[in-house]
Every structure is written in C-alpha cells, then in structure tokens.
Amino acid sequence: MSAPSPAVVVDSPQETMQEKAPHEPPRPFSKANLIRTMATGYVPLIIATLVVFLPLMWMLLSSFKQPGEIVTTDLRILPESVNLENYAAAMTTVPFAQFFANSLIVTVVGASVKVILAILTAYALVFVRFPFKNVIFVLILVALMVPAQVSILPNYILIAGMGGKNTLWGIILPGLGTAFGTFLLRQHFLTLPPSILEAAEIDGAGHWRRLWQIIVPVSVPSIATVALVTVVSEWNDYIWPLIITDRPETMTLPVGLTLLQNSEGNGAGWGILMAGAVLVIVPILLVFAALQRYIVAGLTQGSVTG
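If you're wondering where the values come from, they're calculated on a predicted model, not measured in any experiment.

Student: I would appreciate a short explanation of the packing of aromatic side chains in the present structure.
Tutor: Tallied over the entire structure, the rule returns 6 aromatic pairs. Aromatic side chains Phe 64 and Tyr 87 sit 5.5 Å apart centroid to centroid with 45 degrees between the ring planes, which places their arrangement in the tilted category. Within this pair, whereas Phe 64 is found in the loop between helix 2 (31–62) and helix 3 (67–70), its partner Tyr 87 is found in helix 4 (residues 85–93), the two being separated by 23 residues in sequence. Considered together, Phe 64 and Tyr 87 belong to a single accessibility category, that of buried residues. Aromatic side chains Tyr 123 and Phe 127 sit 5.1 Å apart centroid to centroid with 40 degrees between the ring planes, which places their arrangement in the tilted category. Of this pair, Tyr 123 and Phe 127 both sit in helix 5 (residues 96–127), 4 residues apart, which is roughly one turn of that helix. Since its relative accessible area comes to 4%, Tyr 123 is described here as buried. Taken together, Tyr 123, Phe 127 and Phe 189 form an aromatic cluster joined through their ring pairs. In this structure, Arg 186 packs its charged tip against the face of Phe 137, placed 3.6 Å from the ring centre.

Structural data, given as structure tokens:
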C-alpha cells in the first residue's frame, strides 16, 4: 500500500480576505489619534504662539497702567483703569511726529529701491546672458550669509566721509542691496516656463517690456513677500540709525524710543516707553495685515500652468 498523501489545508476565502485587508486608519476621534494630534500639533503651536504673544500682550497692557502698577511687587496683569495718558506723554515728551516722518521716508524710499533692485537683479540672473553670471550669484549667497554687523564700521567710515552723518540718505544708502530679495525672486523666476516669454520675444519685446508686462504680473505674490520682509526690516532697523544719527531731527522711531527711556530717570517712564513701543508696532502690523495673504503664496508658489 502506498503512504497516505498529506492533507492540504486550503484557506477559506473569508480568511484570505482578512489577511490581505489593508490596515485601517485610526478613527478621527479615537483616543490615540486625539493624543497624537495634540502632542504633535496643537501643543507646540500653542507654546510657540504664547512665546510670541505674551510679551506683546504685556506691553499693550502696561501701556495703559500707572507707574505704581508696573514697578511693584504685587503683580497686576490688568490695569485698574484704561487711560491714554501714557500715549499722550509719549507723543509730547519727544518729537514723535518728526520720528514718524523720518521712519516713513526711510522705509518707503529704502524698501522701494530695494525691491526694484531685487527685481532687476533677479531678472538679469535668470533671463539675461552675460559672463560670470553664476559667480555673481555665488557672491550674492555669500552676502546673504555674512552678518550685517560685520559691515557697520566700513559703512560708518564711508558714509561719514561722504557727509552722510545725521542725514536720512545716510541711513538709507548702506542697505539698498538686498541679497534675500534677489535670491528669493531668482528662485521664483527659475520656475517660470520659458514659453511665457517666447511669444513676447517673437513680437520684438525687449527685456524691459518682458520684465514689467509679463514677469512682474505673474510674480506678484513673491514680490509682495519680498516687499513685506523689506518694509519690516527697514521700519524696525535700530543699530545702523542709532550709530549714524545723534540728533532728534534725523532719528527714526526705534531710535527715538531711547529718548523716551532717558526722559524719565525712575520707574515712571516704563508706561510711556511701552506706549511708544505700541505706537511703533501698530503701523507695521497694518502693513502686515494688508500683505500677509501673499506670504504663503509667495513662498510656496510653483511654476505657472495653463
């Protein structure tokens, strides 16, 4: 007799389907998913928001407080009464209107020239053929990595030798080149398809017309991002205006705050100083609110499709 053949076990279709079934994703409101979302999403976001928001909130609340409510061992978060005495004192103790006008001129002129130079430089690096183009771009990257404090002494010697001390053009001139804006716009221009310029080139359009009628309109989000970053840096610049100016007639708002601090030798000046800081921040917050919708679009904008 021959040996009995081994039994063959055949899996049922139901068991086979269960083994091959893909792993089901966790339910949105399951305990594990909620814990993971809180630990990796909401908790870091809340902590980062509080780190940025709490000092600003303390500054705003302190601008409405009396001196005894700020310099005290009894911590008081909310002011006893809302009054605008500190704001009135901040605008009358120092020539606040002059500081604001100086900051406005420096910001508008400096930011406008910076953005225009960034657009022209980025366009040339992408769409114009000339020798050593890559070398120039590497030098721009090097300038982006070098801290601005390194050039303070050479800039001071140059501007002071040209008679630019205590002048608005002396504040504006050293910072007209923007490596960040040139780099960001160049990277964006590289994503634009060459086909958008071919028709204009066939029609005989030159570089100037191609730049302002084709490239700039499709690059508004990236240009707005560069403009916003430039405006914020120009408005908040403190070190260079502090070094190149020592007269109230040419001081900007951040530098003028030091006069508010020096006007009161005791704790009475803290509320006035906080009110002055709020007045400095409000204009830039308004600009940010107007342009913030372009930030994400400008930093993540890819190629143009159609």
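Student: Just checking my understanding: could you explain empty space enclosed by the protein for this structure?
Tutor: One way to see where empty space is left: roll a probe the size of a water molecule over the atoms. Scanning the model with the defined rule gives 1 cavity of 30 Å³ or more in all. Estimates place the volume of the largest cavity at around 40 Å³. Along its surface, the largest cavity is lined by Ser 103, Val 106, Thr 107, Glu 234, Trp 235, Asp 237, Pro 241 and Thr 252. Among the secondary structure elements, those contributing two or more residues to the lining of the largest cavity are helix 5 and helix 12 (220–236). If you tally residues by element for the lining of the largest cavity, the top one is helix 5, at 3 residues. Looking at the lining of the largest cavity residue by residue, the class counts come to 3 nonpolar, 3 polar and 2 charged.

Student: What exactly am I supposed to notice about the side chain of Asn 86 here?
Tutor: By the secondary structure assignment, Asn 86 is in helix 4. Among the residues examined, Asn 86 registers a relative accessible area of 10% and is labelled buried.

Student: Would you take a moment to explain the packing of helix 5 against helix 9 (residues 179–190) for this structure?
Tutor: The angle between the axes and the distance between the axes are what describe a pair of packed helices. Running from N to C, helix 5 and helix 9 point in directions that differ by 45 degrees, and their axes come no closer than 8 Å. The orientation of helix 5 with respect to helix 9, classified from their angle, is oblique. Our pair here, helix 5 against helix 9, has a crossing hand that is right-handed. Contact residues: Ala 118, Ile 119, Thr 121, Ala 122, Tyr 123, Leu 125, Val 126 and Phe 127 in helix 5; Gly 181, Thr 182, Leu 185, Arg 186, Phe 189 and Leu 190 in helix 9. Residue composition of the contact of helix 5 with helix 9, by class: 10 nonpolar, 3 polar and 1 charged.

Student: I tried to follow the environment of Phe 99 on my own but got confused; where do I start?
Tutor: Here Phe 99 lies in helix 5. For the pair Phe 99 and Leu 253, spaced 154 residues apart in sequence, the C-alpha to C-alpha distance is 4.9 Å.

Student: How should the layout of surface pockets be read in this particular structure?
Tutor: Of the pockets and cavities examined, the largest pocket occupies roughly 1,000 Å³. Around the largest pocket, the lining comprises 32 residues; the ones closest to its centre are Lys 114, Ala 148, Pro 174, Gly 175 and Gly 177. Listed by contribution, the elements that provide at least two residues to the lining of the largest pocket are helix 5, helix 6 (133–145), helix 7 (152–161), helix 8 (168–172), helix 9, helix 12 and helix 13 (239–244). By residue number, the principal contributor to the lining of the largest pocket is helix 5, which donates 5 residues. Looking at the lining of the largest pocket residue by residue, the classes come out as 19 nonpolar, 10 polar and 3 charged.

What counts and what doesn't
Residues numbered from 1 in each chain as written. Predicted model: local features only at pLDDT ≥ 70, side-chain atom pairs only at ≥ 80, totals over all residues. Heavy atoms only, no water. Phe/Tyr/Trp six-rings, centres within 6.5 Å; stacked < 30°, edge-to-face > 60°. Helix = DSSP H or I, 4+ residues; strand = E, 2+ residues; numbered from the N terminus. Buried < 20%, exposed > 50% of the residue type's maximum accessible area, 1.4 Å probe, protein only. Lys NZ or Arg CZ within 6 Å of the ring centre and 35° of its normal. 1 Å grid on protein atoms, 1.4 Å probe; cavity = no way out; pocket = protein on both sides within 12 Å on 5 of 7 lines; lining within 4 Å. Points joined across faces, edges and corners; volume = space filled by probe spheres on them. Nonpolar A, V, L, I, M, F, W, Y, C, P; charged D, E, K, R; others polar. Axes fitted to C-alpha atoms, helices over the stretch in contact; angles between N-to-C directions. Parallel < 35°, antiparallel > 145°, perpendicular 65-115°, else oblique. Left-handed = near helix turned anticlockwise from the far one by under 90°. Contact = heavy atoms within 4.5 Å.

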